[in-house]
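Notes for the structure review
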Amino acid sequence: MAPYVVFEGERRIAAGGKLDVAVAAQARLAEAPEASLLIFDPEGRQVDFDLRGGPWDIALRLGEGDAAPRGRGRPKLGVTAREVTLLPRHWEWLAAQPGGASVALRKLVEAARRDSEGPDRRRAARDAAYRFASVMAGDRPGFEDMSRALFAGEAEGFAARVAEWPADIADHLRGLAAEAFAETLSRGEREGPAA
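Brief notes about the sheet that holds strand 1 (residues 4-8)
Within the open sheet, the four strands sit side by side as 2-1-3-4. Their pairing is antiparallel. Of all the strands in the sheet, the pair left with one neighbour each is strand 2 (11-16) and strand 4 (46-47). Here strand 1 pairs with strand 2 via five bridges, running antiparallel. Residue pairing for strand 2: Val 6 is matched across the bridge by Ala 14.

Here's what the structure looks like:
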């Protein structure tokens with residue numbers, strides 16, 4: 001998974017966990033209050049962190065510090081109750097399953113997740129790369145060609161366009177897009193070079 005990153009112009013000044021980048025951004029702004037920083041999450045989205053206070057304050061706001069202890073109960077296990085709307089025949093089928101409706105639904109969801117894992121990862125990587133590139137390189141020569149190559153799964157065309165961009169932007173973009181080309185690259189490796 002890609003890290004959080006902080007960019008100042010074309011230069012990546014920090015990469016890592018959420019708290020690490022927030023503290024690095026705060027330190028950079030302390031050195032140069034006029035610095036224009038952009039922070040991106042692992043999905044290529046631009047994010048804003050409240051950088052007031054010290055590292056402890058930032059950690060608490062980001063949910064990375066020790067918070068008040070939780071009460072007893074199932075939320076401690078990560079179980080969340082939500083409403084599901086189904087037709088009567090669906091409820092009948094679920095009720096007849098071993099373990100009841102909840103167990104059957106969890107099994108169905110896990111099976112669906114496993115079946116779509118590869119395509120979902122590739123789509124998420126492509127979307128993350130495009131979001132990041134739109135902000136950091138949307139006005140650069142080759143952006144449209146890079147986008148076409150990214151969405152077409154053309155790894156070589158993508159790499160050629162990105163190679164012309166500033167090193168830190170290109171490097172982070174390649175990292176975000178790596179999964180988007182996983183099927184293309186593995187298929188090429190299986191087929192081998194053309195004779």
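After presenting the structure, the write-up continues.
Examining helix 6 (residues 155-162)
Along an α-helix, residues three or four positions apart point the same way, because every turn accommodates 3.6 residues. All buried positions along helix 6 are accounted for by Ala 155, Phe 158 and Val 162. Axial view of helix 6: buried residues confined to an arc of 65°, hence all on one face.

A closer look at the pattern of salt bridges
Counted under the stated rule, the structure contains twelve salt bridges. The shortest N-O distance in the salt bridge between Arg 12 and Asp 171 comes to 2.7 Å. You can see Arg 12 sitting in strand 2 and its partner Asp 171 sitting in helix 7 (residues 167-177), a full 159 residues away along the chain. Its relative accessible area of 37% is what places Asp 171 among the partly exposed residues. For the salt bridge of Glu 31 with Arg 28, the shortest nitrogen-to-oxygen distance reads 3.1 Å.

A few points about helix 7
Buried residues of helix 7: Ile 169, Ala 170, His 172, Leu 173, Leu 176 and Ala 177, and no others. Buried residues of helix 7 fall within an arc of 170° about the axis and therefore sit on the same side.

What counts, and at which threshold
- Residues numbered from 1 in each chain as written.
- Predicted model: local features only at pLDDT ≥ 70, side-chain atom pairs only at ≥ 80, totals over all residues.
- Heavy atoms only, no water.
- Pairing = 2+ DSSP bridges.
- Helix = DSSP H or I, 4+ residues; strand = E, 2+ residues; numbered from the N terminus.
- Buried < 20%, exposed > 50% of the residue type's maximum accessible area, 1.4 Å probe, protein only.
- Arc of directions from axis to C-beta.
- Salt bridge = Lys/Arg side-chain N within 4 Å of Asp/Glu carboxyl O.

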